[in-house]
Amino acid sequence: QVQLVESGGGLVQAGGSLRLSCVASGTISSINAMGWYRQAPGKQRELVAAITSGGSANYADSVKDRFTISRDNAKKTVYLQMNSLKPEDTAVYYCNADIRSRWWDPEQNYWGQGTQVTVSS
């Protein structure tokens, strides 16, 4: 059974920083793309940043130049460094990954349980 577990959320003042981590565990033969999404109250879930297995990253316009996504393939972990946080960044942040369990299994998409990020003004 594959699981994604996020950590690092919390309460921070505007202008502050947080670093989110997401570790994949279970039977895993390969991990393709990994990413972070967020969902604010009353809004749809949106992509924040994504990174390929080779390290190519893309970002939502709203977080460019403030957030950085990275991954450690050996640790099966993806990170999101969030700087210059704004109140509008407040949301539940979800980890997402495309994972193949055994080499003969089809790739499946998985979600973490989410971690709350609250930015006070």
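Everything that follows concerns the structure shown earlier in this document.
This report concerns the structure included in the present document. (Residues numbered from 1 in each chain as written. Predicted model: local features only at pLDDT ≥ 70, side-chain atom pairs only at ≥ 80, totals over all residues. Heavy atoms only, no water.)

So, the pairing of strand β3 (residues 18-25)
The two faces of a sheet get side chains in turn, since along a regular strand they alternate between them.
Line of reasoning, step 1. Here five bridges tie strand β1 (residues 3-7) to β3, and the two strands are oriented antiparallel to one another. Bridging from a neighbouring strand, Gln3 pairs with Ser25 of β3.
Line of reasoning, step 2. When β3 meets strand β8 (residues 77-82), the two strands line up antiparallel, connected through six bridges. When the bridges of β8 are listed, Arg19 appears paired with Gln81. (Pairing = 2+ DSSP bridges. Helix = DSSP H or I, 4+ residues; strand = E, 2+ residues; numbered from the N terminus.)

Description of the state of the cysteines
Line of reasoning, step 1. One pass over the full model with this rule turns up one disulfide.
Line of reasoning, step 2. Cys22 shares a disulfide with Cys95; S-S distance 2.1 Å. With the S-S dihedral at roughly -80°, the linkage between Cys22 and Cys95 falls on the left-handed side. In this pair, Cys22 sits in strand β3 while Cys95 sits in strand β9 (residues 91-100), placing the two residues 73 residues apart along the sequence.
Line of reasoning, step 3. The exposure class assigned to Cys22 is buried, which follows from its relative accessible area of 0%. (Disulfide = S-S within 2.5 Å. Buried < 20%, exposed > 50% of the residue type's maximum accessible area, 1.4 Å probe, protein only.)

A short note on the packing of aromatic side chains
Line of reasoning, step 1. Tallied over the entire structure, the rule returns three aromatic pairs.
Line of reasoning, step 2. Between Tyr94 and Trp111, the aromatic rings sit 6.4 Å apart at their centres with planes inclined by 85°, giving edge-to-face as the arrangement. Of the two residues, Tyr94 sits in strand β9 while Trp111 sits in strand β10 (residues 108-111), which places them 17 residues apart along the sequence.
Line of reasoning, step 3. Overall, Tyr94 belongs to the buried group, its relative accessible area being 14%. (Phe/Tyr/Trp six-rings, centres within 6.5 Å; stacked < 30°, edge-to-face > 60°.)

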